[in-house]
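Each chain, written out:
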Amino acid sequence: MLSPGSTIGILGGGQLGRMLALAAAPLGYRCHIYTPEGDSVAAEVAASCTVAPWDDCEKLAAFAAECEIITLEFENVPAAPLAPFEAKLAPHPRALTVAQDRLNEKAFVADLGGQPAPWAAVDDAEDLAAALERIGAPGILKTRREGYDGKGQWRIASAHEADGLRLPDQPAIYEGLVRFAHEFSVILVRGRDGAVRFWDSAENHHQDGILATSRLPAAPLIVEQVPAARELAAKVAAALGYVGVLTLEFFATDYGPVFNEMAPRVHNSGHWTIEGAVTSQFENHIRAICGLPLGDTTTTARAVVMTNLIGPAALDAQVVLAEPGAHLHLYGKHEAREGRKMGHVTRITLA
Ligand code: AMP
C-alpha cells in the first residue's frame, strides 16, 4: 500500500488528470503531472508539474525518480520511453500497446471472444478496395492510431464514394458501419490482487463523434447486454494483468454487444460516478494503483444524466447551479474552442 504523503505521477495534463489529482488529495497523496503542454489544467490542482516532450528521456527519468507510482490520463503516450520505469507504472504499458492501435485492439478483443465490427487493415487504395469488396459499404475509415472524438475518421457511403477519397498518410482501418440501437460503456476497476468491480453501464449519446450525454438508468437492451460485455471486459483486464480503471465501449445491437474501442484509463462516460456512485472512477483508480481496498461502485441515485459542456456552450454554464441536483465541473480551460470539452454537468435524481 502506498503510504500517504507519497507522490503519484500522472502522464498527461488534461481534465482526466485534473479529476484524478482531485481524487488523490483526500487520500493523502500528492500528484506530479508530466505533460508536453504548458497550460495544463491538471497541473493547476497538482503539487508539481514537468513540461517536456514525451520522448525526453532525461526529463522522464527525473520525473519517475520523484514518483512512487506512475499512471496515465492520456492513452497516446508513447510506450517505448516508459520501458525503464515499467515497474512503477499502473496500468502496465502493455495496455497502451494494445489500445493505441485500433487494429491490435480489435484483434486482441476478438481473440478473447469479443465481437467487433467487421474490419480490415488499409494501407493503400488497393487495400481499401479489397476491404469494401469483403465488408461492403457503408463503413468508416479510421486512422489506426491517435484518432479520438471522431477525429481521423471518414464515413464512406459507397464503393464509388471511396474512389475519390484521399487516404490518410498513415495506416488505417476500415470498419463496417454497425446498425446499433444504443451505445454504452463498461467501466471496471481492477485491483493489484485481481479483484474486479464494475460501475453501472450508462447509455451514451454522441454528437459529431463526441460524447454528449451519459445517462442512467440505461435502456433495457443495454441492461440485457451488460453481463456479456462485462465478461469480455474482465477477460481483457485479466489478459493484460491490468491495474486501475479500464473502459470498453460497445454498441447494443440485435445480435448482442459489439465492441467498439477501449481506453486504458478513466473515461468521460464515467464522470457521473463522482456524484452518482458510492466511489467515483477517479477515487477507485487511485485506490487500485496505490494497492488500497477498492471502494463500493454502487449507484446511489435513481437517475443520473451527465452532459458534456463543449465549446462556447460552457461560457454561461454557471446558470445550472440554480437547479437542485445539478453539479458543475469546469475544467479551467481558457479558450472555449468549437468541439473542445470544457466541463460537464451531472444532474442527479435521488432515490
Ligand atoms: P470512435 O472514435 O471509434 O469511438 O467513434 C466515435 C463514434 O462514432 C462512436 O461512438 C459511434 O457513435 C460512431 N462509430 C464509430 N465506429 C462506428 C461503427 N463501426 N459503426 C457505427 N458507428 C460507429
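These numbers come from a predicted model, not from an experiment.

### Regarding the domain arrangement of the protein chain
Size of an interface: often given as the accessible area lost when the parts come together. Partitioning the protein chain into domains gives domain 1 (7–89), domain 2 (118–176) and domain 3 (182–349). One C-alpha centre belongs to domain 1, the other to domain 2, and the line joining them spans 34 Å.

### Concerning the site of the ligand
Around the ligand sit 16 residues in total, of which Lys 142, Glu 175, Val 178, Glu 183 and Glu 261 are the nearest. Within the side chain of His 206, one N or O atom sits 3.4 Å away from an oxygen atom of the ligand. A distance of 2.7 Å is found between an oxygen atom of the ligand and a side-chain nitrogen or oxygen belonging to Glu 261. The fraction of the free accessible surface of the ligand (470 Å²) that becomes covered by protein chains is 95%. Of all the elements in the fold, those that place two or more residues in the shell around the ligand are strand S6 (139–143), strand S7 (153–156), strand S8 (172–176) and strand S14 (256–263). Within the shell around the ligand, the residues separate by chemical class into 5 nonpolar, 5 polar and 6 charged. Each of domain 2 (118–176) and domain 3 (182–349) gives at least three residues to the shell around the ligand.

### As for the sheet that holds strand S5 (residues 119–122)
On the basis of which strands lie adjacent, the open sheet formed by 4 strands has the order S5-S8-S6-S7 and antiparallel pairing. Each edge of the open sheet is held by one strand with a lone partner, namely S5 and S7. Each strand axis lies, on average, 25 degrees off the axis of its neighbour in the sheet, ignoring direction. In this structure, S5 lies alongside S8, joined through 4 bridges in antiparallel fashion. Its bridge partner lying in S8, Ala 121 is registered against Ile 173. Across the sheet, helix H4 (residues 102–111) is in contact with S5, S6, S7 and S8; its angle to S5 comes to roughly 150 degrees. Helix H5 (residues 125–135) rests against S5, S6, S7 and S8 of the sheet, and its axis sits at about 170 degrees to S5.

Thresholds, definitions, all that
- Residues numbered from 1 in each chain as written.
- Predicted model: local features only at pLDDT ≥ 70, side-chain atom pairs only at ≥ 80, totals over all residues.
- Heavy atoms only, no water.
- Domains from an automatic or database assignment.
- Near = heavy atom within 4 Å.
- Polar contact = N/O pair within 3.5 Å; in protein donor to acceptor, adjacent residues only side chain to side chain.
- Areas by Shrake-Rupley, 256 points an atom, 1.4 Å probe, with all protein chains shown as cover.
- Helix = DSSP H or I, 4+ residues; strand = E, 2+ residues; numbered from the N terminus.
- Nonpolar A, V, L, I, M, F, W, Y, C, P; charged D, E, K, R; others polar.
- Pairing = 2+ DSSP bridges.
- Axes fitted to C-alpha atoms, helices over the stretch in contact; angles between N-to-C directions.
- Contact = heavy atoms within 4.5 Å.

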